[in-house]
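Descriptive structure summary
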Amino acid sequence: MASDQTRTASPAIRGSVGTEPAGPAPTTRPGPSGPASTARPGPGERTPAPRAWTTRLVVAGIVLTALNLRPAITSLGALLEEVRDGLGMSGSVAGLLTSVPSLCFAVFGVMAPRLARRFGASAVVCAGMVAITVGLAVRPYAGGTPGFLAASALALMGIAVSNVLMPVIVKRWFPDRVGSMTGLYSMALALGTSSAAAVTVPMTDALGGGWRSGLTVWAFLAAAAVLPWIPLVRAREAGSGPAGASTASPTRVPATGDGTAADARAGASATGSGSVEVGASEAGADTVSGSRGVSPAAATGGEAVSGPGAVTASVTGTASHERADGLRITRSGTAWALAVFFGLQATAAYVTMGWMAQIFRDAGVPAGTAGLLLAVTMVMGVPLAFVIPRLATRLPHQGPIVIALGVSGLVGYAGLWLAPAGGAWAWAVLLGIANCSFPLALTMVGMRARTGAGVAKLSAFAQSTGYLISIPGPLLVGVLYQHSGGWGLPIALMAGLMVPQIGVGILAGRDRTVEDEAARP
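What counts and how
- Residues numbered from 1 in each chain as written.
- Predicted model: local features only at pLDDT ≥ 70, side-chain atom pairs only at ≥ 80, totals over all residues.
- Heavy atoms only, no water.
- Helix = DSSP H or I, 4+ residues; strand = E, 2+ residues; numbered from the N terminus.
- Buried < 20%, exposed > 50% of the residue type's maximum accessible area, 1.4 Å probe, protein only.
- Contact = heavy atoms within 4.5 Å.
- Phe/Tyr/Trp six-rings, centres within 6.5 Å; stacked < 30°, edge-to-face > 60°.
- Axes fitted to C-alpha atoms, helices over the stretch in contact; angles between N-to-C directions.
- Left-handed = near helix turned anticlockwise from the far one by under 90°.
- Nonpolar A, V, L, I, M, F, W, Y, C, P; charged D, E, K, R; others polar.
- Expected span 1.5 Å × (residues − 1).
- Salt bridge = Lys/Arg side-chain N within 4 Å of Asp/Glu carboxyl O.
- Core = buried A, V, L, I, M, F, W, Y, C linked by side-chain atoms within 4.5 Å.
- Parallel < 35°, antiparallel > 145°, perpendicular 65-115°, else oblique.
- pLDDT = per-residue confidence, 0-100.
- Patch = residues over 30% accessible without salt bridge, like charges linked within 9 Å, V, L, I, M, F, W, Y side chains within 5 Å.
- Areas by Shrake-Rupley, 256 points an atom, 1.4 Å probe, with all protein chains shown as cover.

1. With respect to the overall build of the protein chain
Along the protein chain, the regular secondary structure elements total 23 helices and three strands. Classification of the 521 residues of the protein chain by burial places 60% in the buried group. By sequence separation, contacts in the protein chain at least 24 residues apart represent 81% of the contacts at least 6 residues apart.

2. Structural notes on the packing of aromatic side chains
Evaluation of the coordinates by the stated rule reveals nine aromatic pairs. Taken together, Phe-105, Phe-342, Tyr-350, Phe-438 and Tyr-467 form an aromatic cluster joined through their ring pairs.

3. Remarks on the packing of helix H16 (residues 381-393) against helix H19 (residues 437-447)
At a closest axis distance of 9 Å, the pairing of H16 and H19 adopts a crossing angle of 35°. Considering the relative orientation of H16 and H19, their crossing is right-handed. Side by side, H16 and H19 meet where Ala-385, Ile-388, Pro-389, Ala-392 and Thr-393 of the first sit next to Pro-439, Leu-440, Thr-443 and Met-447 of the second. Residues of the contact of H16 with H19, tallied by class, amount to seven nonpolar, two polar and no charged.

4. Points about helix H17 (residues 399-418)
Spanning 20 residues, H17 covers 28 Å between terminal C-alpha atoms, matching the ideal 28 Å at 1.5 Å per step. Along H17, the positions that sit buried rather than exposed are Gly-399, Ile-401, Val-402, Leu-405, Gly-406, Ser-408, Gly-409, Gly-412, Tyr-413, Gly-415 and Leu-416. Along its buried surface, H17 packs onto helix H14 (333-362), H16, helix H18 (424-434), H19 and helix H22 (488-508).

5. Here we look at the pattern of salt bridges
A side chain of one charge can pair with a side chain of the opposite charge when the charged atoms of the two come close. All told, the structure shown has four salt bridges when counted by the stated rule. For the salt bridge of Arg-361 with Glu-82, the shortest nitrogen-to-oxygen distance reads 2.6 Å. Note that Arg-361 is positioned in helix H14 and Glu-82 in helix H3 (residues 80-87), a separation of 279 residues in sequence. Of the charged contacts, one joins Glu-517 and Arg-512 as a salt bridge, the two residues approaching to 3.7 Å between their closest N and O atoms. The partly exposed category is assigned to Arg-512, whose relative accessible area is 28%.

6. Comments concerning the nonpolar core
Soluble globular proteins tend to bury their nonpolar side chains together. Ranked by size, the top nonpolar core spans 127 residues in total, and within it Ile-62, Tyr-413 and Leu-440 carry the most contacts. If you tally residues by element for this core, the top one is H14, at 17 residues.

7. Observations regarding the environment of Leu-497
With respect to the helices and strands, the residue Leu-497 is situated in helix H22. Looking at Leu-497, the relative accessible area reads 25%, which means it is partly exposed. Put simply, Leu-497 and Gly-473 are 24 residues apart on the chain and 9.6 Å apart in space, counted from C-alpha to C-alpha. Excluding residues within four positions of it along the chain, Leu-497 makes contact with Leu-344 and Thr-347.

8. Describing the packing of H14 against H17
When two helices pack together, their arrangement is given by the angle between the helix axes and by the axis-to-axis distance. For the pair H14 and H17, the least separation of the axes is 13 Å and the interaxial angle reads 25°. Of the possible angle classes, the one that applies to H14 and H17 is roughly parallel. The two elements H14 and H17 cross, and the hand of that crossing is left-handed. Residues Phe-341, Ala-348, Thr-352, Ile-359 and Phe-360 of H14 form the contact with H17, whose own contacting residues are Val-402, Tyr-413 and Leu-416. A breakdown of the residues in the contact of H14 with H17 according to their chemical character gives seven nonpolar, one polar and no charged.

9. Observations concerning helix H2 (residues 71-78)
It helps to recall that an α-helix has 3.6 residues per turn; residues three or four apart then point in one direction. Burial analysis of H2 places eight of its eight residues in the buried class, which makes it a mostly covered element. Every buried residue of H2 is accounted for by Pro-71, Ala-72, Ile-73, Thr-74, Ser-75, Leu-76, Gly-77 and Ala-78.

10. So, the side chain of Thr-347
Mapped onto the elements of the fold, Thr-347 is located in helix H14. For Thr-347, a relative accessible area of 2% gives the class buried. Among all residues touching Thr-347, those that are not within four sequence positions of it are Ile-469, Ser-470, Gly-473, Met-494 and Leu-497.

11. Points about the confidence of the model for the protein chain
Residues with a pLDDT of 70 or more make up 71% of the protein chain, whose mean pLDDT is 74. Segment residues 1-48: pLDDT under 50, and 113 contacts once partners within four positions in sequence are set aside and those in other chains are kept. A low-confidence stretch, residues 243-324 (pLDDT under 50), is modelled with 269 contacts involving residues beyond four sequence positions or located in other chains.

12. Details of a nonpolar patch on the surface
A cluster of nonpolar side chains, Val-130, Val-134, Val-138 and Leu-154, forms an exposed patch at the surface whose accessible area comes to about 260 Å². Top contributing element to the nonpolar patch by residue count: helix H5 (residues 121-138), with three residues.

Structure follows, in structure tokens:
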């Protein structure tokens with residue numbers, strides 16, 4: 001329930017989880033612009049908790065949605081050779097296909113906040129699951145490469161908007177359990193990613209050996225994810241929300257700053273064009289300004305935080321919020337370093353998901369084992385996505401973590417070049433460790449801005465620019481593979497890109513803020 005205590009902005013990033021305990025009397029602390037005034041919830045602001053069945057539906061929807069956010073990509077990677085042969089697809093076109101996820105995430109992810117404001121986050125996620133279902137069901141039978149690409153883009157569009165809005169759903173329905181729920185969400189996402197890589201080939205064989213049936217079967221999982229959202233969308237249309245009643249104006253939910261990658265992802269992903277504000281039509285949905293180590297007051301521009309389980313924030317941070325609103329993010333060298341770091345790690349991730357199974361298969365590894373190797377790479381993100389952000393928030397400079405992940409990637413690529421089959425399991429583990437640069441990037445986004453509005457701008461800039469940077473990588477790998485006739489040049493390219501990734505990551509990990517850099521003359 002809402003507490004009468006207040007929080008204040010702090011530049012430190014803490015790794016603790018949970019909300020502040022309710023006290024017998026409100027307290028006030030000085031904010032960045034002067035003494036803080038205490039914000040108390042007014043009459044009628046406290047609302048009943050959501051019904052148990054509604055909460056269970058939301059949990060089911062979160063888990064099923066997370067399970068569907070990567071199988072469209074990793075299932076294709078496991079059967080890429082069969083798809084290429086079946087459609088007569090060249091290596092260059094296959095490279096274009098593996099670049100489509102980055103393009104869709106850059107384009108459609110930016111649309112998600114606007115769609116959520118118009119229709120509500122639950123309705124958009126539901127529509128996203130429908131798009132994934134239709135895209136996965138249609139693409140194997142679309143009748144050629146253009147139709148396959150178009151259907152893949154439809155599924156990826158659904159993934160993009162759901163990927164951005166899932167943290168909004170988590171914060172809206174579970175504001176006092178963000179850490180645990182986003183942990184559940186992250187584990188389900190990793191499980192779906194690795195499962196699709198591991199079981200697609202055996203399942204294809206069990207269904208008769210046709211790649212079309214092996215890809216189509218994932219549409220059934222997406223269809224199951226539609227079901228929990230339907231009654232939630234109907235409840236929204238009826239005027240009920242997570243608190244059991246509609247509200248006349250938007251409410252805001254704070255980031256917890258719990259030090260997990262999921263919380264960083266919640267802040268960063270929910271800002272495709274800044275913060276996500278969903279109005280009264282979403283029955284009191286939230287504005288998510290995913291700041292880590294930033295007070296709710298600063299993150300929301302000094303407004304009170306209301307809603308079930310939220311902590312009422314002090315009305316502070318107005319000056320810092322106004323300064324962040326006028327932040328010229330492109331004047332910050334740290335912002336550019338983060339954007340490039342984000343783009344290079346995304347390049348490595350999508351090359352891995354799209355091509356790594358094929359690299360092992362070309363080295364003589366059986367198709368089923370190659371899928372399992374890709375699954376091992378993907379599942380490494382489950383434990384490390386929790387460990388790395390917590391470690392990062394305890395260090396003044398994140399450069400050592402950047403170097404460790406980069407060296408892991410360099411050794412993994414060297415192994416793929418020298419002995420792809422001989423040390424396949426070791427290379428899969430090392431590249432899985434290197435791919436954990438993603439949660440580190442999101443953590444650094446939260447650490448490199450002082451205010452919630454600053455985090456929103458930095459996150460939007462770093463992710464949109466980064467995804468644009470990552471688009472050519474998988475395509476170039478396909479072109480090099482086709483024209484060189486082997487994997488030597490593509491692997492050398494990926495190893496070469498790891499060097500600037502380490503360099504810009506060290507720059508992005510320095511202890512400074514984008515507000516200070518942008519304010520310099």
